[in-house]
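# Residue-level structural notes
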Amino acid sequence: MNIVVCVKQVPDTATERKLRSDDKTLDRDAADGVINELCEYAVEEALRVKEAHGGEVTVLTMGPSKATETIRKALAMGADKAVHLVDDALHGSDALATSYAMAQALKKIGFDLVILGSESTDARTGLLAAMLAERLGAPQLTLANKVELSGQSITIQRLTDYGYDKVESTLPAVVSVVEKINEPRYPSFKGIMAAKKKQVQTLGIADAEIDAAQVGLAGAWSEVVDFAAAPPRAAGTIVKDEGDGGSRAAEYLASKKFI
Amino acid sequence: MAEILVLVEQVDGEVKKVTLELLTLARSLGSPSAVWAGPGYSADAKARLAEYGADKVYVADSAEIADYVVAPKAELLAQLVGSAAPGAVLVAATAEGKEIAGRLAVKTGSGVITDAVGLGEGFVADQSIFGGGVNVHSRVTRGTPIVAVRPNSTAPVATAGAGAEEQVTVALSDSARAAKIVERVKQEKGARPELAEAAIVVSGGRGVGSAENFALIEKLADTLGAAVGASRAATDAGWYPHQFQVGQTGKTVSPQLYIAAGISGAIQHRAGMQTAKTIVAINKDSEAPIFELADYGIVGDLFKVVPQLTEEIEKRK
Ligand SMILES: Cc1cc2nc3c(=O)[nH]c(=O)nc-3n(C[C@H](O)[C@H](O)[C@H](O)COP(=O)(O)OP(=O)(O)OC[C@H]3O[C@@H](n4cnc5c(N)ncnc54)[C@H](O)[C@@H]3O)c2cc1C
Ligand SMILES: Nc1ncnc2c1ncn2[C@@H]1O[C@H](COP(=O)(O)O)[C@@H](O)[C@H]1O
């Protein structure tokens, strides 16, 4: 089984995140890069599928050269090898362009199962898995909190507002996982050492047969017109509970017509 | 006036509030056309859509549309984008709404904007990013603008539309039939409104202390007709189910009123609630960062404040 797990490097949410003033894209140098947390669940699920059904886990990351730190983390968790899609021409790609570039890379790599996180913590679009399924003509098994394989068929529990849907398809398929589907493992010391020797193949846009006109800032389908720091919220009223805190809160809610 | 497609969200044939919001928003930008995708269409539904401004209602009430994950709805919308050449397509920014938007964008070669909290002339969208720290204006530059709008971004206003009905048949492709829904499991959710849609949300955090104590939060929520949310500390501890988690890796809510009890207000929690119109916080630590956002804060023990607040609201009803 050929399992590809898509892993993204994102700016640490604990640090201040910024947009660049020159081209209005995310400033990836301003903040420390970390693995997108939801991608850790994706890596863990990929490793579990491999452990139960055999095969190989390939990490696919699109991002600047510093994203190799994140690739090493996924390799240290136990993935077998990695493909790093890296090219200056990709800078500024929006969701549509990213899905195109990633789909081209996936066609090169080949797959039975592609696993993604449900969302990235920087752009938070939650679009990529559905877009990849559309582009690859593969079944969309997204928002999974449980994944089961049997031969060539795969079943997931797809989280919904009312509970979940049980969804079935055949392989190859595109899966995205939600938080808490599993408990991602910590890389062991041995894993970290082994990761240093694992193969990381780099692909440029020509290698992946990506049309330069469809990616990057110039090829984007959407643009940031302008941006500004959110004005601070007007200072609120803070009261200390002197035994009447609940009543005073009720008064406030009444004054705002909530009750 | 440009035609604007609005994908209808419904539960068991009943139109959801977010659709009325989207129709109201569409009305301010052009002529709204509601798109009904799936079974359960009725005269009541049509009346409701027209009441909130739908000039047209496209009806594709085939059962098959609901039998497969997302792809059929994207195919239907793509077909309508082709035939009607609308000015824009609006969907609700729910997890599924965004997935539909994503597939539609690929199919029609159009840009897509997610989590808009407002939409103005030229379909320029307002977005709030990085946990509410930065406000962005963005727009689609190629194709038909596809915009996923957050629930509670616009107050629904009834303004009658013509409501002309048009039946649509969509021949699903094989690839739209690839991921089959074989069973729907409805978990008990009681009478509370849905978290993402609710006008009021009451959330509990680590300060609540246990699963049993969440009854306090639920009781306050019920007196307000609110949904219940939780911080990750509370869902991680197993005190409240994960689907109610608010924040960066949970749900994003944008209610009229958000009440946080025993929640410190970490950046990752704020990412999911910072666009709430009014924020009330109850926390015993006066230094808790949640007070930086609060319009009204009570420094005190939630086990005293919450029951008193609940009782006082009951009295005033
Ligand atoms: C990648 C990542 C993603 C994350 N995603 C999310 C997310 O989606 N949602 C989320 O919520 N968090 C998320 N977190 C976790 C977040 O950083 C915080 O750890 C979490 O929000 C803390 O929850 P809390 O406020 O309930 O707990 P704490 O920070 O422990 O705060 C508890 C508060 O309760 C108060 N308190 C205690 N007892 C009482 C009492 N009797 N009366 C009144 N007040 C009391 C305390 O003073 C304290 O301020 C994420 C973290 C990471 C790293
Ligand atoms: N540049 C990227 N490289 C690799 N995977 C990505 C990239 N961007 C997004 N993904 C994957 O897509 C998921 C959802 O991201 P998004 O759609 O951007 O919110 C992430 O959890 C990753 O698995």
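All residue numbers refer to positions counted from 1 along the written sequence of the respective chain. Here every chain gets a letter starting at A, and every ligand a number starting at 1, in the order they are written. The predicted nature of this model means local features are confined to residues of pLDDT at least 70 and side-chain atom pairs, given and counted, to a pLDDT of 80 or more, with totals for whole chains, interfaces and linings taken over all residues. Here the side-chain values reflect all heavy atoms present in the structure, with hydrogen atoms and water set aside.

### Focus on helix α5 (residues 214-224) of chain B
Three labels apply to residues, based on accessible area from a 1.4 Å probe with only protein chains included: buried if under 20% of the type maximum, exposed if over 50%, partly exposed otherwise in between. In this description a helix means any DSSP run of H or I spanning at least four residues, a strand means any run of E spanning at least two, and both kinds are numbered starting from the N terminus. Within α5 of chain B, burial applies to Phe214, Ile217, Leu220, Ala221, Thr223 and Leu224 of chain B. Just past α5 of chain B, the residue Gly225 of chain B takes up positive phi, approximately 65°.

### Some details on the UniProt feature "domain: Electron transfer flavoprotein alpha/beta-subunit N-terminal" (unreviewed entry) in chain A
Sites flagged by UniProt as "domain: Electron transfer flavoprotein alpha/beta-subunit N-terminal" (unreviewed entry) map to residues 23-212 of chain A. For residues 23-212 of chain A, helix accounts for 32% and strand for 29%, while the C-alpha atoms at its two ends are 18 Å apart. UniProt positions are given in the numbering used here, feature names are shortened, and annotations may be inferred rather than shown by experiment.

### A few points about the interface of chain A and chain B
Facing the 76 residues of chain A at the interface are 85 residues of chain B. Here the buried area means the combined drop in accessible surface, using a 1.4 Å probe, for two parts upon being joined, counting both sides. Interface area for chain A against chain B, summed over the two sides, is near 6900 Å², with a carbon-plus-sulfur share of 55%. Area buried by chain A at its contact with chain B is led by Arg124, Trp221 and Arg233 of chain A, which between them contribute 11% of it. Every case where a carboxyl oxygen of Asp or Glu lies within 4 Å of a side-chain nitrogen of Lys or Arg is listed as a salt bridge. On the surface where chain A and chain B come into contact, there are 11 salt bridges. In this structure, Lys107 of chain B engages Glu134 of chain A in a salt bridge whose closest nitrogen and oxygen atoms are separated by 3.0 Å. Between N or O atoms, a polar contact is any pair within 3.5 Å; within protein, one atom must be a potential hydrogen donor and the other a potential acceptor, and residues adjacent in sequence are included only when both atoms are from side chains. Across the chain A-chain B interface, the total number found is 47 residue pairs in polar contact (both at pLDDT 80 or more). Note on contacts: a residue pair qualifies if any of its non-hydrogen atoms lie within 4.5 Å across the two residues.

### So, the packing of helix α2 (residues 68-77) of chain A against helix α5 (residues 189-197) of chain A
All names here are of chain A. Angles here are taken between N-to-C directions and fall from 0 to 180 degrees, while the axes themselves are lines fitted to C-alpha atoms, restricted in helices to the stretch in contact. Here α2 crosses α5 at 125°, and the two axes come no closer than 7 Å. As summarised for this structure, α2 and α5 are arranged oblique, according to the angle between their axes. Judged by the sense of rotation from one axis to the other, the crossing of α2 with α5 is right-handed. Of the residues in α5, those in contact with Arg72, Leu75 and Ala76 of α2 are Gly191, Ile192, Ala195 and Lys196. For this classification, Asp, Glu, Lys and Arg are treated as charged, while Ala, Val, Leu, Ile, Met, Phe, Trp, Tyr, Cys and Pro are nonpolar and the rest, including Gly, are polar. The residue makeup of the contact of α2 with α5, split by class, is four nonpolar, one polar and two charged. Oblique is the label for any angle not covered by the other classes, which are roughly parallel (under 35 degrees), roughly antiparallel (over 145) and roughly perpendicular (65 to 115). Take the far helix as your reference; a near helix turned counterclockwise from it by less than a right angle gives a left-handed crossing, and one turned clockwise gives a right-handed crossing.

### Describing the site of ligand 1
To be near a molecule or strand, a residue needs just one of its heavy atoms within 4 Å of it. Inspection of the region around ligand 1 gives 26 residues, with Arg206, Ser231, Ser264, Gln268 and Asn283 of chain B positioned closest. This site is not confined to one chain, since residues near ligand 1 come from chains A and B. With respect to ligand 1, the backbone of Gly262 of chain B contributes an N or O atom lying 3.0 Å from an oxygen atom. Measuring from a nitrogen atom of ligand 1, one finds a backbone N or O atom of Lys284 of chain B at 3.1 Å. Its free accessible area being 990 Å², ligand 1 has 79% of it covered by the protein chains. Within the residue set of the shell around ligand 1, elements represented by two or more residues are α6 (232-236), α7 (267-270) and α9 (302-316) of chain B. Its residues placed into classes, the shell around ligand 1 shows six nonpolar, 14 polar and six charged. The accessible surface values rely on the Shrake-Rupley method and a 1.4 Å probe; as for residues, cover is taken only from the protein chains in view.

### Looking at the environment of Gly38 of chain B
Residue and element names in this part refer to chain B. Mapped onto the secondary structure, Gly38 falls in the loop between β4 (31-37) and α2 (43-51). Remark: the alpha-carbon pair of Gly38 and Ile65, spanning 27 residues in sequence, is separated by 5.2 Å. With residues near it in sequence (within four places) discarded, Gly38 still touches Gln10, Ala60, Asp61, Ser62 and Ile65.

### Section: the packing of aromatic side chains
In this description, a pair of aromatic rings is defined by centroid distance and the angle of the planes. Two aromatic rings from Phe, Tyr or Trp, using only the six-membered ring of Trp, form a pair when their centres are within 6.5 Å; if the ring planes differ by under 30 degrees the pair is stacked, by over 60 it is edge-to-face, and anything between is tilted. For the coordinates displayed, the defined rule picks out four aromatic pairs over all chains. With a centroid separation of 5.3 Å and an interplanar angle of 70°, the aromatic rings of Trp36 of chain B and Tyr41 of chain B are classed as edge-to-face. Accessibility classification places Trp36 of chain B together with Tyr41 of chain B in one group, the buried group. Either the NZ atom of lysine or the CZ atom of arginine qualifies as a charge over a ring when it sits within 6 Å of the ring centre and within 35 degrees of the ring normal. Stacked on the ring of Trp221 of chain A, the Lys or Arg Arg142 of chain B has its end atom at 4.1 Å from the ring centre.

### Quick look at unusual backbone geometry
A cis amide bond, omega -5°, links Leu171 of chain A with the succeeding residue Pro172 of chain A. Turning to its location among the elements, Pro172 of chain A is positioned in the loop between β9 (163-170) and β10 (173-177). Positive phi outside glycine occurs at Lys257 of chain A, with the angle close to 65°. One can find Lys257 of chain A in the segment after α7 (245-255). Despite not being glycine, Asp115 of chain B shows a phi value in the positive range, around 60°. When you line up the elements, Asp115 of chain B lands in strand β7 (residues 112-120).

### Things to note about the domain arrangement of chain B
Residues and elements named next belong to chain B. What fixes the domain bounds is an automatic or database domain assignment. If you check the domain split of chain B, you get domain 1 (3-177) and domain 2 (195-315). Contacts between domain 1 and domain 2 engage nine residues on the former and 13 residues on the latter. The junction of domain 1 with domain 2 conceals about 920 Å² of combined surface from both sides, 46% of it contributed by carbon and sulfur atoms. When residues of domain 1 are sorted by the area they lose upon contact with domain 2, Gly131, Arg150 and Asn152 head the list and together hold 54% of the total. Put simply, domain 1 and domain 2 have zero salt bridges between them. Counting every contact that joins domain 1 to domain 2 gives six residue pairs in polar contact (both at pLDDT 80 or more). Looking at the side of domain 1 that touches domain 2, its residues break down into two nonpolar, four polar and three charged.

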